[in-house]
Amino acid sequence: MTEKEKAERNAENPKTDDLYMNTEDGSGEAMTTNQGMRINDDQNSLLAGERGPTLMEDFHFREKMTHFDHERIPERIVHARGAGAHGYFESYGDFSEFTQAGFLSEKGKKTPVFTRFSTVAGFKGSTDLARDVRGFAVKFYTEEGNYDLVGNNIPVFFIQDAMKFPDLIHAVKPEQHNEIPQAASAHDTFWDFISLMPESMHMIMWVMSDRALPRSFSMMEGFGVHTFRFINKKNESFFVKFHWKPVAGTHSVTWDEAQKISGQDPDFHRRDLWNAIESGNFPEWELGVQLVPEQDEHKFDFDLLDATKIIPEELVPVKLVGKLVLDRNPTNFFAETEQIAFHPGHLVPGIDFTNDPLLQGRLFSYTDTQLSRLGGPNFAEIPINRPIAPVHNNQRGGHMRQTINTGQSSYHPNNIGGGCPFQAKMSEGGFVSHHEKIEGHKIRKRSRSFMDHFSQAKLFFESQTEMEQDHIISALRFELGKVKSEEIRERMVGMLMYINNELAKAVAEGLGINPINTPKEPLNHSFPADADPKDYQPIDVSPSVEKSPALSLMARPGKGIKGRMIAALANDGVDAESFEGFKNAIEKEGGQVKIISAHAGSIADSNGSAIKVDHSLLTTSSVLFDAVFIPGGAKSMETLHKNPDAIRFVDEAYKHYKYIAVNGGGEQLWDMTYASKNANPKGVLFDQNAAAFIEGVAQHRIWEREDATRIPV
Ligand code: HDE
């Protein structure tokens, strides 16, 4: 995308930086200290004599070094690793029938947003490709104040009560004695905890599925997870579940690829988001809502307040209400992506909480964590966190206060300040909590309606395609295979038997366990000391939906190849016509073509024109691409067909079910591969036009390529 195009696009869409950015690029300016004094030597410390000690009075050195020493802030306890982008949300219509939220009140209304995606378990410097849940947090800078939809790419959670969150996170993070392993759940403490907590089984099915290995942030769904409330102007309430549906469809990588990508490019997802935006292929999602009128609260065979449950789309369809477009990369990662502070309690009138005990606990945690992470109560004044709606209140002081409040009074009621700032009436946009009737005893107890732990785990597993089920089985074999304790493995297999017998048997076989011998009761070990364990054991529920096709990744293939990366294997002498034709056709559809060659620099095509090489075979790998194109050109092939890295590149792409286009003399390289031993390879297109290849790449993978796993790379 050219600078001119970017400027035009920025002018069209609402954005926050005009309103808050305090950018500084130093161009044309002399260097100064933080006090604004000009610096004329930034190379040498102040010494007592040419070879003497450094003087304490060197205030420039001390200021520079002190600032550097304090450059880092504590990383997030969870979701430390992430990437973010600016964009906008556009409402599809007027939804005031359901909510008074202004950003959903008018067709075409645009609201600026900042979105941050993340992994959960790994440290800030860990790999993007961990098997993990992804955070999907969106800050809407609405005219009525900031609204944060702080969700995940999986619609349920491991636990039902926030009380257990520190335990869950301690169990999944690196073990406390040796801080191993990084960004991985495949270890004893995680599965020890999980195998004692049957409420986590539904989530475990999702995390062991390909959902936990997204191909790209732009190819994963997002979910608000909890049930929230919409409130309209008549004070009528609807329960609501939020969904983000990716326009590019839902796609994943395989576990073999994920592990290799973690070494080849641990920034794979960050880079993908950055490149997509820079190339003008803006990632897009549609916002969907499942709405349940208040009076239907108890109509379901699960509790709407239980965050380990979904509302199957077959029971309540998803209504699309708007579109999210991410069209601008951050200017500075630290200032924006690192300092942004989300909070599920940042609401606008028209959206409210429910009594989900997981959500209620989150309402405490997020402000609390910002206090230590961002250093004090004024984090809302950091540019990226500032609402575009003006802020007026009587909060004063605190570390790093930016606002200079004028006047004499900082309390309410006051007469000295003319009674200002005054309390807004409802009609002026005030927030009023839903008038829900609450009566009860103070009690620490889990409702019996939360005790069905298996029916939706079963629903999820049984709604997957055979290939997806195989991947879940392999994931569990891998994860539990890394667990050293036999007892934990057996307990887990015992738990899986309550989900699906075939699943349990297949996992047990991989672990060398006889499922018959696995312990059965009690399943739940998470109950108060004085409770009767029986009151906490899972209950059996026959669900009203037995299969939900919407739960398969295959249900949302998306359209086209926007954002896909295609590797073109070429060397000096590549056939100009065959290469250019494909490249142009792919780029026209929003895909990106990268030239991979035996050497870096540039290559000369058959017409003698120079083509810039993007990567030599040394610095890249097939796992970083969605498909491979081998253009012809006798001279090019003469070099590549003898290059073991080029041969492996093609074989590996074949192993990972990718489309491969072979044109003209490209067959010389193909013939050297192990994959070519198959007389009729699926998804390998010989001398076909670009349109056929593009159509294939849009399907993402050829899962029916049965011989793929045999490829020895
Ligand atoms: Fe979070 N979570 N969480 N979480 N969460 C944080 O807040 C917490 C939960 C989610 O990109 C922390 O600012 C508790 C569910 C996202 O900055 C912390 C519980 C869901 C992000 C915290 C949960 C989420 C966080 C760490 C159990 C999906 C990253 C840093 C009750 C609906 C936001 C921070 C970003 C971050 C607490 C469970 C989503 C510690 C106590 C369920 C996307 O406050």
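Check the entry above for the structure.
Rules of the game
Residues numbered from 1 in each chain as written. Predicted model: local features only at pLDDT ≥ 70, side-chain atom pairs only at ≥ 80, totals over all residues. Heavy atoms only, no water. Helix = DSSP H or I, 4+ residues; strand = E, 2+ residues; numbered from the N terminus. Rg over C-alpha atoms; globule rule 2.2 N^0.38 Å. Buried < 20%, exposed > 50% of the residue type's maximum accessible area, 1.4 Å probe, protein only. Contact = heavy atoms within 4.5 Å. Areas by Shrake-Rupley, 256 points an atom, 1.4 Å probe, with all protein chains shown as cover. Lys, Arg positive; Asp, Glu negative; His and termini not counted. Charge placed at Lys NZ, Arg CZ, Asp CG, Glu CD. Salt bridge = Lys/Arg side-chain N within 4 Å of Asp/Glu carboxyl O. Near = heavy atom within 4 Å. Polar contact = N/O pair within 3.5 Å; in protein donor to acceptor, adjacent residues only side chain to side chain. Pairing = 2+ DSSP bridges. Axes fitted to C-alpha atoms, helices over the stretch in contact; angles between N-to-C directions. Arc of directions from axis to C-beta. Parallel < 35°, antiparallel > 145°, perpendicular 65-115°, else oblique. Left-handed = near helix turned anticlockwise from the far one by under 90°. Nonpolar A, V, L, I, M, F, W, Y, C, P; charged D, E, K, R; others polar. Phe/Tyr/Trp six-rings, centres within 6.5 Å; stacked < 30°, edge-to-face > 60°. Patch = residues over 30% accessible without salt bridge, like charges linked within 9 Å, V, L, I, M, F, W, Y side chains within 5 Å. Right-handed = clockwise from strand over helix to strand, strands pointing away.

## Considerations on the overall build of the protein
- Regarding its fold elements, the protein presents 19 helices and 18 strands.
- For 713 residues, the compact-globule estimate of 2.2 N^0.38 gives 27 Å, and the protein sits close to it at 28 Å.
- For the protein, the spread of C-alpha atoms along the three principal axes comes to 90 × 80 × 60 Å.
- Across the 713 residues in the protein, those meeting the buried criterion constitute 53%.
- Pairs at least 24 apart in sequence give 74% of the contacts found in the protein among residues at least 6 apart.
- Roughly 33200 Å² of accessible area belongs to the protein as shown, and the carbon and sulfur atoms make up 52% of that amount.
- Side-chain charges of the protein comprise 76 positive and 100 negative groups, with the mean position of each set lying 1 Å from the other.

## So, the pattern of salt bridges
- The full count for this structure, using the stated rule, is 40 salt bridges.
- When the shortest N-O distance is used, the salt bridge between E313 and K245 registers 3.0 Å. Of this pair, E313 sits in the loop between β8 (284-293) and β9 (319-328) while K245 sits in strand β7 (residues 237-246), and the two are 68 residues apart along the sequence.
- Given a relative accessible area of 6%, K245 falls into the buried group.
- Each of R211, E221, K245, E313 and R556 takes part in a single network of salt bridges with overlapping partners.

## With respect to the site of the ligand
- R76, R116, S365, Y366 and Q370 are the nearest of the 22 residues found near the ligand.
- Between the ligand and R116 there is a distance of 2.6 Å, counted from an oxygen atom to a side-chain nitrogen or oxygen.
- Between a nitrogen atom of the ligand and a side-chain N or O atom of R362, the distance comes to 3.4 Å.
- Elements with a contribution of two residues or more to the shell around the ligand: β3 (134-142), β4 (145-152) and α10 (357-373).

## A closer look at the sheet that holds strand β12 (residues 592-597)
- If you walk across this open sheet you meet the 6 strands as β15-β12-β11-β16-β17-β18, and the pairing is parallel. Both outer strands of the open sheet, β15 (615-616) and β18 (684-686), are each paired with one neighbouring strand and no more.
- Where strand β17 (residues 659-662) meets β18, 3 bridges bridge the pair, whose relative direction is parallel. Bridging from a neighbouring strand, V662 pairs with F686 of β18.
- Those strands touched by helix α19 (residues 690-698) are β11 (565-569), β16 (627-630), β17 and β18, and its axis lies near 165 degrees from that of β17.

## A few points about the side chain of S636
- Relative to the helices and strands, S636 is located in helix α16 (residues 634-640).
- Take S636: its relative accessible area is 0%, and that puts it in the buried class.
- Each residue touching S636, except ones within four places of it in the same chain, is listed here: A570, N571, D572, G573 and V574.

## Remarks on helix α4 (residues 165-172)
- All of the buried residues in α4 are L168, I169, A171 and V172. Buried residues of α4 fall within an arc of 160 degrees about the axis and therefore sit on the same side.
- Where the residues of α4 are buried, they touch α5 (188-194).

## A word on the packing of helix α12 (residues 466-481) against helix α14 (residues 501-511)
- The contact between α12 and α14 brings their axes to 9 Å, and the two run at 40 degrees. Viewed along their axes, α12 and α14 adopt a mutual orientation that is oblique. The chirality of how α12 crosses α14 is right-handed. Across the interface between the two elements, I472, I473, L476, R477, L480 and G481 from α12 touch L503, A506, V507, E509, G510 and L511 from α14.
- Of the residues belonging to the contact of α12 with α14, the class tally is 8 nonpolar, 2 polar and 2 charged.

## Re the packing of aromatic side chains
- The full count for this structure, using the stated rule, is 31 aromatic pairs.
- Ring centres 5.2 Å apart and planes at 80 degrees place the aromatic pair F98 and F238 in the edge-to-face group. With a gap of 140 residues between them, F98 in the loop between β1 (82-91) and β2 (110-119) and F238 in strand β7 connect regions that are remote in the sequence.
- On the basis of relative accessibility, which here comes to 14%, the residue F98 falls in the buried class.
- Owing to a relative accessible area of 13%, F238 belongs among the buried residues under this scheme.
- On the numbers, 5.2 Å between centres and 25 degrees between planes, the contact of F454 with Y498 is stacked. In this pair, F454 sits in the loop between α10 and α11 (455-462) while Y498 sits in the loop between α13 (486-496) and α14, placing the two residues 44 residues apart along the sequence.
- Residue classification places F454 among the buried residues on the basis of a relative accessible area of 8%.
- Of the residues examined, Y498 reaches a relative accessible area of 30% and is grouped as partly exposed.
- Taken together, the ring pairs connect F89, F103, F117, F136, F140, Y147, F217, W244 and W285 into an aromatic cluster.

## Section: a nonpolar patch on the surface
- Taken together, the side chains of F61, M65 and F68 present a nonpolar region at the surface, about 270 Å² in accessible area.
- Relative to the elements of secondary structure, F68 occurs in helix α3 (residues 59-69).

## Here's the deal with the pairing of β11
- Burial of β11 is extensive: 5 of the 5 residues sit out of reach of the surface.
- What you see with β11 is no split at all: M565, A567 and L569 on one side and I566 and A568 on the other are buried throughout.
- Alignment of β11 against β12, held across 5 bridges, turns out to be parallel. Looking at the pairing, I566 lines up with V593 of β12.
- Handedness of the crossover joining β11 and β12 through helix α15 (residues 576-588) is recorded here as right-handed.
- Bridge count between β11 and β16: 3 bridges; the pairing is parallel. Bridge assignment links A567 to a residue of β16, and that residue is V628.

Functional significance is not addressed by these values, which are geometric in nature.
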